[in-house]
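Structural description and commentary
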Amino acid sequence: MSLSEYLFTSESVSEGHPDKVCDRISDSIVDAFLAADEDSRVAVETLATTNRVVLAGEVRGPESVSKDVMIEKAREAIRAIGYEQEGFHWKTAEVECHVHEQSADIAQGVDSAGEKDLGAGDQGIMFGYACNETDELMPAPIQFSHRILRKMAEDRHSGKSAEFGPDAKSQVTLRYVDGKPVGATSVVVSTQHADGLSQADVRSLVLPYVEAVLPEGWMPSEDEIYINPTGRFVIGGPDGDAGLTGRKIIVDTYGGAAPHGGGAFSGKDPTKVDRSAAYAARYLAKNVVAAGLAERCTIQVAYAIGISKPLALYVNNHGTGNVDEIKLGSVLRQLMDLSPHGIREHLSLCRPIYVPTSAYGHFGRKAEEDGRFSWERTDLTGELKSAFGA
C-alpha cells in the first residue's frame with residue numbers, strides 16, 4: 001500500500017484483564033485518599049496473581065485510610081469487576097499491603113512553601129492528542145475497540161450476557177485512505193466465558209457487539225473476524241496471567257496513534273504530572289481540534305521534579321492546521337496555567353474521580369458534572385477561535 005492508503009490497528013482490554021484489575025485497585029486507593037483529604041499524595045502499585053493481591057507504594061494522607069482500609073478497597077474493586085471465581089475471588093483472595101509513607105526528599109521538592117509554587121512530582125514528558133476521526137475526537141481504532149468491550153461489560157453486569165467472564169480483549173484494524181478511516185479489515189475479540197460454551201457459541205454471542213459498534217458498511221469479511229481464536233478461554237484474569245498497575249498505557253491513551261511519554265496514570269494522585277499533565281495536554285489538543293484550528297493535534301509538555309513551570313510546550317498539527325503553531329503554543333499557555341497547581345485547579349483534579357478512568361481509556365469519555373473526565377471539556381474553543389479570528 002502507498003502512504004495514501006494504509007492499515008492501522010489498536011487494541012483494548014476489559015476491566016477484568018489482569019493489568020486492569022490492578023489499575024482499578026490502585027485508583028480505588030487514590031480515590032479513598034482524595035475523598036478523605038484533597039491534598040493527599042499517593043503512588044500505589046498493585047500486583048495480582050492467582051487469588052493473591054500485593055499493594056506497594058508511598059502515600060501521605062490521613063491516618064483514616066489505613067492499611068486495613070486499603071485492603072478493603074482492593075476487595076471492593078475486585079467484587080465490582082465481577083470476580084467470584086475459584087482462582088480469583090474478592091472474598092478469599094489474600095491481600096497484602098506494603099504501602100508506606102512518602103519519601104521526605106520527594107515531598108520537599110513537590111510541596112509549596114512560602115513563595116515557592118507547587119512543584120512537579122517528577123521529571124518527564126507528557127503527550128496529548130486529538131483528531132476528528134470520531135465524535136469524541138479520538139482515533140477510530142482505539143475508540144471502536146473500547147466500545148466493543150464496554151458494551152459487552154455492560155451486558156455482563158446487567159445479566160443480559162451472563163455467559164461472558166470479566167476478562168476480555170479486542171483489536172480493530174482499519175483501512176485509511178488519504179488519512180481518513182474508511183472501513184475495518186479485521187476485528188479480534190477474545191473473551192472469558194462460561195465453561196461448556198463452544199467457540200461457535202461464543203462467536204454468536206460476540207458478533208452482534210462488533211456489528212453494533214462499527215459504522216454501516218465497515219464490517220470486515222467473515223473470515224477476518226476472529227472470536228476467541230485459541231478456541232477456549234475459561235480460565236482468565238489474574239488466575240490465568242499475572243497483572244501489574246500501569247502496563248496498559250497505550251490502551252489508556254490513543255492506541256498507538258500518538259506518542260506516549262512513558263508514564264502510567266493509575267495509582268497516582270494529580271500532583272504527579274505523569275497523570276495530570278497528560279490530561280492537560282489532551283484537554284488542549286482536543287480544544288484545538290474542536291475549535292476547527294486543525295484536524296489533528298499533538299501537544300507535548302515537559303517538566304522537572306520540584307519545578308512548577310513546564311520546561312517546554314510543543315504543538316504539532318501534522319500539516320492539517322490553518323494557524324501558526326508557534327502562536328498557537330503561546331495562546332495555549334495564556335489560556336491555561338500549566339504548572340501542576342494550575343492544572344489541578346483548572347481541571348478540578350483533587351477529587352475522588354479516578355476509578356472510572358481505570359478501564360476503557362482515560363480519553364474519549366464524556367465530561368461529567370461531578371468532575372469526572374473534566375479534561376474532555378471543550379470550553380476553550382471560543383477563546384481559541386477569537387485569538388485567531390476564526
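Residues numbered from 1 in each chain as written. Predicted model: local features only at pLDDT ≥ 70, side-chain atom pairs only at ≥ 80, totals over all residues. Heavy atoms only, no water.

A few words on the UniProt feature "binding site: K(+)" (unreviewed entry) in the chain. Residues annotated in UniProt with the feature "binding site: K(+)" (unreviewed entry) correspond here to Glu-45. Its location among the elements puts Glu-45 in strand β2 (residues 41–49). Among the residues examined, Glu-45 registers a relative accessible area of 38% and is labelled partly exposed. In this view, Glu-45 contacts Ser-26, Val-54, Leu-55, Ala-56 and Thr-245; residues no more than four positions away in its chain are not counted. (UniProt positions renumbered as here; feature names shortened; annotations may be inferred. Helix = DSSP H or I, 4+ residues; strand = E, 2+ residues; numbered from the N terminus. Buried < 20%, exposed > 50% of the residue type's maximum accessible area, 1.4 Å probe, protein only. Contact = heavy atoms within 4.5 Å.)

Within the largest apolar cluster, 76 residues are counted, with the highest numbers of intra-cluster contacts made by Trp-375 and Leu-384. In terms of residue count, helix α7 (residues 273–290) provides more of this core than any other element does, 11 residues in total. Residues Phe-164, Val-189, Val-202 and Trp-218 belong to the second largest nonpolar core, which totals 25 residues. (Core = buried A, V, L, I, M, F, W, Y, C linked by side-chain atoms within 4.5 Å.)

Once that is clear, we can look at the pattern of salt bridges. Where charged atoms of side chains with opposite charge meet at close range, the side chains can pair. Taken as a whole and judged by the stated rule, the model has 20 salt bridges. Ionic pairing is found between Glu-15 and Arg-156, a salt bridge with its closest N-O pair at 3.4 Å. You can see Glu-15 sitting in the loop between β1 (5–13) and α1 (18–36) and its partner Arg-156 sitting in helix α4 (residues 140–158), a full 141 residues away along the chain. Just as Glu-15 is buried, Arg-156 falls in that class too. One salt bridge connects Asp-195 with Arg-232, and the closest N-O pair in it is separated by 3.1 Å. One end of the pair, Asp-195, is in the loop between β9 (180–193) and α5 (199–213); the other, Arg-232, is in the loop between β10 (225–227) and β11 (243–244), and 37 residues separate them in sequence. Comparing Asp-195 with Arg-232, the two get one shared label, exposed. (Salt bridge = Lys/Arg side-chain N within 4 Å of Asp/Glu carboxyl O.)

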